[in-house]
Amino acid sequence: MRALVNQRFVTLLILAVVIAILPFVFPSSYYFRVASLVWVSALAAIGLNILMGQAGQVSLGHAAFFGIGAYAVAIGPTHLGIPPWAALLIGAVLSGVLAYLVGRPILRLKGHYLAIATLGLGVLVALVITTESRWTGGPDGMPVERLTLFGWRVSGSYTWYWVTGGLLLVGTWIALNLDETPTGRAFRALHDSEIAAQVVGVDVARFKLQAFVIAAIYASLAGSALAFMNGFINPDQAGFLHSVELVTIVVLGGLGSVVGSIVGAAVLVTLPQALTVFQEYEHLLLGLIIIVAMIFMRNGIVPSLSNLLLRRARS
Amino acid sequence: MAEFLQFLISGLTVGAVYALVALGFTLIYNASGVVNFAQGEFVMLGGMVTVFASAAGVPLPLAALVAIAAAVAIGLLLHRFAIEPARGASAVTLIIITIGASILLRGVAAIVFDKQFHKLPAFTGDTPVDVLGAAVQPQSFWVLGGTAVVVLALYVFLEHTLVGKAVLATAANRLAARLVGINTTTIMALAFGGSAAIGAIAGILVTPITLTSYDVGTLLALKGFAAAMLGGMGNPVGAVVGGLLLGLLEAFGAGYLSSTYKDAFAFLVILIVLFAAPQGLFGRRVVERV
């Protein structure tokens, strides 16, 4: 049973089938939009999970990279005349370079110190975005030009459903494969014990940095995708609460589980949409659900459920 | 000189509030190992409950007591129903639980109260006092004095009472504390109640200056956490010094460099300090053994 679940191919196939089938059950275009939001959040979360779940490092400022990706595709075409697709790549490179530069000193820190350092980084990026209003439109945000690829204008919630779904598939595929490479094994080794990993010859600092850079690029691409999709961007996407949301998705779904990140995103993105029925009570219920979920499924939804299923299957 | 003094006093005033929030973080962290991101919500509760109680005709001192009592009750509930049941969970899980609690409390405050900004009248009038050419709001003295009293009371409690020593013992080594007969669960509840009270006092003192609303807690929690880390997590003296330093940095940074990046200085300095001294300014140099 477990061997079957662990098959990368089966996981990818199931995800592809889910993405392909969902449109047949969607009653309106609104659902395409919500699903696209889930795919985008899942993409960012899968990247963060490589850092948190595999390499065992916390980032409380990950939305900074999401914001850089988003603002790259907004600022590039509007202010600098860069084609949107190129701005997306530049954003990803910028995020990777920033992660590389600050990652070196930051990742020497552990536990709560790493948490506050990444948090500080996130707050700083968000502050720059909010303050430099000449470039970013300040707290009000700014419009984003449509993405055009080979003369094809990518727009509409239906189109973006497939684009983001495709991105998620590629992101999932890479993350699943990474898990099986020497790099992935090194990540897991330093998650379990940095000292033990060092003893067997893993260059701890280098692999932590690699995980941080990969996670930053995932977030940046997800940010760009969301900006294109919405045609608009505001500083909230780079803010502390969005960082928290990303961490919550990863932990809620299950640390170290790629599928978990997708399930976590599905839960955390659709819940507020569903809860808008209760409008007034939205935050109250969201907070309550997070607390209850973390108390009763502290390993995350997917690992907790698969353990439960395994136990059922055995007895 | 007058300008310098002006920045100094306003920096110390804001810093005192950060110091109280950081003390709350430290107290809970020491007793239970939890970083409580709902700490800012205690400050919010202190301000909001006082505002609404005094608007309902309760005299200010009594309204303040009601607010502190309400915050303590919520702190105890938080410990009993969110932290206790999750005993043994990982640090990240616990952080997310407290963030969930902070979202929940904000949601409750938005419903029970409202989403407007609220002000309390200054305790002793609004006429500025002249201090060597700097115009100082009387409320600043209330904040500084109040903080001093809280810090002193906490010091006496920890160093000179049996219960206080039990708190210190729990902070030093939870297992050892339990072995000598200290009920660590009660100590943890005490820490949550105490932190809530300290947070609420900060909220009551500062609301006449900075206003309050249901969502002021997040930024305060971030700054308080930053102050606690700047001083070295788990060190009460470090928390107070870290808070005051943070306030001064902000005030002087805003005054002499750029007011739009006021909030950035704090986090920039944290990053620099952590790069140079990864344990914070007053943190213990822990030697890890295999």
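Residues numbered from 1 in each chain as written. Chains lettered and ligands numbered in written order. Predicted model: local features only at pLDDT ≥ 70, side-chain atom pairs only at ≥ 80, totals over all residues. Heavy atoms only, no water.

- Per an unreviewed UniProt entry, chain B goes by Branched-chain amino acid ABC transporter permease and derives from Microvirga terrae.
- In its Subcellular location (unreviewed entry) section, the UniProt record describing chain B reads: "Cell membrane".
- The record in UniProt for chain B states the following under Sequence similarities (unreviewed entry): "Belongs to the binding-protein-dependent transport system permease family. LivHM subfamily." (UniProt positions renumbered as here; feature names shortened; annotations may be inferred.)

- Going by an unreviewed UniProt entry, chain A carries the name Branched-chain amino acid ABC transporter permease and comes from Microvirga terrae.
- According to its UniProt record, chain A has this under Subcellular location (unreviewed entry): "Cell membrane".

### Let's talk about the overall build of chain B
Move 1: A tally of regular secondary structure across chain B gives eleven helices and two strands.
Move 2: Overall, chain B shows an N-to-C arrangement of helices and strands of α-α-α-α-β-β-α-α-α-α-α-α-α.
Move 3: Across its three principal directions, the C-alpha atoms of chain B cover 55 × 50 × 35 Å.
Move 4: Here chain B holds 290 residues, and 54% of them are scored as buried.
Move 5: Contacts spanning at least 24 positions in sequence make up 74% of the contacts within chain B whose residues lie at least 6 apart.
Move 6: Within the structure as shown, chain B displays about 12200 Å² of accessible surface, and the carbon and sulfur contribution to it stands at 70%.
Move 7: With 13 positive and 11 negative side-chain charges, chain B shows a spacing of 14 Å between the two charge centroids. (Helix = DSSP H or I, 4+ residues; strand = E, 2+ residues; numbered from the N terminus. Buried < 20%, exposed > 50% of the residue type's maximum accessible area, 1.4 Å probe, protein only. Contact = heavy atoms within 4.5 Å. Areas by Shrake-Rupley, 256 points an atom, 1.4 Å probe, with all protein chains shown as cover. Lys, Arg positive; Asp, Glu negative; His and termini not counted. Charge placed at Lys NZ, Arg CZ, Asp CG, Glu CD.)

### Structural notes on the overall build of chain A
Move 1: Scanning chain A for helices and strands turns up 15 helices and four strands.
Move 2: By principal-axis analysis of the C-alpha atoms, chain A measures approximately 55 × 50 × 45 Å.
Move 3: For chain A, buried positions account for 53% of its 315 residues.
Move 4: When the accessible surface of chain A is summed, it comes to about 14000 Å², and 66% of that surface belongs to carbon and sulfur atoms.
Move 5: For chain A, the separation between the mean place of its 17 positive charges and that of its 12 negative charges on side chains is 11 Å.

### A short note on the packing of aromatic side chains
Move 1: For the coordinates displayed, the defined rule picks out 22 aromatic pairs over all chains.
Move 2: Note on Phe26 of chain A and Phe32 of chain A: the rings are 5.2 Å apart at their centroids and 80° apart in plane angle, and the pair reads as edge-to-face.
Move 3: Given the relative accessible area of 18%, Phe26 of chain A is considered buried.
Move 4: On the basis of relative accessibility, which here comes to 8%, the residue Phe32 of chain A falls in the buried class.
Move 5: When the ring of Phe7 of chain B is compared with that of Tyr256 of chain B, the centres are 5.1 Å apart and the planes differ by 85°; the resulting orientation is edge-to-face. (Phe/Tyr/Trp six-rings, centres within 6.5 Å; stacked < 30°, edge-to-face > 60°.)

### Focus on the UniProt feature "transmembrane region" (unreviewed entry) in chain B
Residue and element names in this part refer to chain B.
Move 1: Per the UniProt annotation, the sites labelled "transmembrane region" (unreviewed entry) are residues 7–29, 49–78, 90–113, 140–158, 179–205, 237–258 and 264–282.
Move 2: Structurally, residues 140–158 is divided into 100% helix and 0% strand, and its ends, taken at the C-alpha atoms, are 27 Å apart.
Move 3: Strand forms 0% of residues 179–205 and helix 85%; the C-alpha atoms that close the span are 40 Å apart.

### Let's talk about a nonpolar patch on the surface
Move 1: Among the surface-exposed residues, Phe9, Leu13, Val17, Ile21, Phe24 and Val25 of chain A lie close enough to one another that they form a single nonpolar patch of about 670 Å² accessible area.
Move 2: By secondary structure assignment, the location of Phe24 of chain A is in helix 2 (residues 8–25). (Patch = residues over 30% accessible without salt bridge, like charges linked within 9 Å, V, L, I, M, F, W, Y side chains within 5 Å. Salt bridge = Lys/Arg side-chain N within 4 Å of Asp/Glu carboxyl O.)

### Some details on the side chain of Gln57 of chain A
All names here are of chain A.
Move 1: When you line up the elements, Gln57 lands in the loop between helix 3 (29–54) and helix 4 (63–80).
Move 2: From its side chain, Gln57 meets the backbone oxygen of Ala55 in a polar contact 3.1 Å long.
Move 3: Excluding residues within four positions of it along the chain, Gln57 makes contact with Leu51, Met52, Leu107, Leu114, Leu190, Glu194 and Lys208. (Polar contact = N/O pair within 3.5 Å; in protein donor to acceptor, adjacent residues only side chain to side chain.)

### Brief notes about the interface of chain B and chain A
Move 1: Contacts between the two partners involve 48 residues from chain B, matched on the other side by 39 residues from chain A.
Move 2: In total, chain B and chain A occlude about 3700 Å² of area from one another, counting both sides; carbon and sulfur atoms represent 81% of this.
Move 3: On the chain B side of the interface with chain A, the three residues burying the most area are Ile96, Tyr261 and Phe275 of chain B, jointly 15% of the side's total.
Move 4: Seen at the junction of chain B and chain A, the total is zero salt bridges.
Move 5: Our count for the chain B to chain A interface comes out at five residue pairs in polar contact (both at pLDDT 80 or more). (Buried area = accessible area lost by both parts, 1.4 Å probe.)

### Considering helix 4 (residues 91–112) of chain B
Move 1: Here helix 4 of chain B is 22 residues long and its end C-alpha atoms lie 31 Å apart, about the 32 Å a rise of 1.5 Å per residue gives.
Move 2: Burial analysis of helix 4 of chain B places 18 of its 22 residues in the buried class, the great majority of the element. (Expected span 1.5 Å × (residues − 1).)

### A look at the confidence of the model for chain B
Move 1: The pLDDT averaged across chain B works out to 90; a share of 97% of its residues lies at or above 70.
Move 2: Interface confidence for the predicted complex, expressed as ipTM, amounts to 0.85; the pTM equals 0.87. (pLDDT = per-residue confidence, 0-100.)

### Observations concerning the environment of Ala266 of chain B
Move 1: Along the chain, Ala266 of chain B falls in helix 11 (residues 262–276).
Move 2: As for Ala266 of chain B and Leu60 of chain B, which are separated by 206 residues in sequence, their C-alpha atoms are 33 Å apart.

### Details of the environment of Asp263 of chain B
Move 1: The topology assignment puts Asp263 of chain B in helix 11.
Move 2: Once the C-alpha coordinates of Asp263 of chain B and Ala251 of chain B are considered, the two residues, twelve residues apart in sequence, prove to be 9.8 Å apart.
Move 3: Asp263 of chain B has contacts with Leu127 of chain A together with Leu219, Lys223 and Glu250 of chain B, leaving out every residue within four places of it along the chain.
Move 4: Engagement of the side chain of Asp263 of chain B in a polar contact is seen with the side chain of Lys223 of chain B, the distance being 2.8 Å.

### Description of the packing of helix 14 (residues 282–296) of chain A against helix 4 of chain B
The relative placement of two packed helices comes down to the angle between their axes together with the axis-to-axis distance.
Move 1: Helix 4 of chain B packs onto helix 14 of chain A with a crossing angle of 155° between their chain directions and a minimal axis gap of 7 Å. The angle between the axes of helix 14 of chain A and helix 4 of chain B places the two elements in the roughly antiparallel class. In the crossing of helix 14 of chain A with helix 4 of chain B, the sense of the turn from one axis to the other is left-handed. On helix 4 of chain B, the residues that touch His283, Leu284, Gly287, Leu288, Ile290, Ile291, Met294 and Ile295 of chain A of helix 14 of chain A are Thr93, Ile96, Ile97, Gly100, Ala101, Ile103, Leu104, Gly107, Val108 and Ile111 of chain B.
Move 2: A per-class count over the contact of helix 14 of chain A with helix 4 of chain B returns 13 nonpolar, five polar and no charged. (Axes fitted to C-alpha atoms, helices over the stretch in contact; angles between N-to-C directions. Parallel < 35°, antiparallel > 145°, perpendicular 65-115°, else oblique. Left-handed = near helix turned anticlockwise from the far one by under 90°. Nonpolar A, V, L, I, M, F, W, Y, C, P; charged D, E, K, R; others polar.)

### Brief notes about the nonpolar core
Move 1: One finds Leu119 of chain A together with Phe37 and Phe225 of chain B to be the most contacted residues of the largest nonpolar core, which totals 190 residues.
Move 2: Ranked by the residues each element gives to this core, the list is headed by helix 11 (residues 204–230) of chain A, at 16 residues. (Core = buried A, V, L, I, M, F, W, Y, C linked by side-chain atoms within 4.5 Å.)

### What to know about the environment of Pro23 of chain A
All names here are of chain A.
Move 1: Among the structural elements, Pro23 can be located in helix 2.
Move 2: Relative accessible area serves as the criterion here: at 15%, Pro23 is assigned to the buried category.
Move 3: Each C-alpha atom, one on Pro23 and one on Ala35, is 9.5 Å from the other, the two residues being twelve residues apart in sequence.
Move 4: Leaving out residues up to four positions away in the same chain, Pro23 has contacts with Phe32, Tyr161 and Trp162.

### Here's the deal with the packing of helix 9 (residues 217–231) of chain B against helix 10 (residues 236–257) of chain B
Residue and element names in this part refer to chain B.
Move 1: It is the contact of helix 9 with helix 10, at a shortest axis distance of 7 Å, that shows an interaxial angle of 115°. Helix 10 is crossed by helix 9, and the crossing has right-handed handedness. On helix 10, the residues touching Lys223, Ala226, Ala227, Leu230 and Gly231 of helix 9 are Gly238, Gly242, Gly243, Leu245, Leu246 and Glu250.
Move 2: Considering only residue class, the contact of helix 9 with helix 10 consists of five nonpolar, four polar and two charged.

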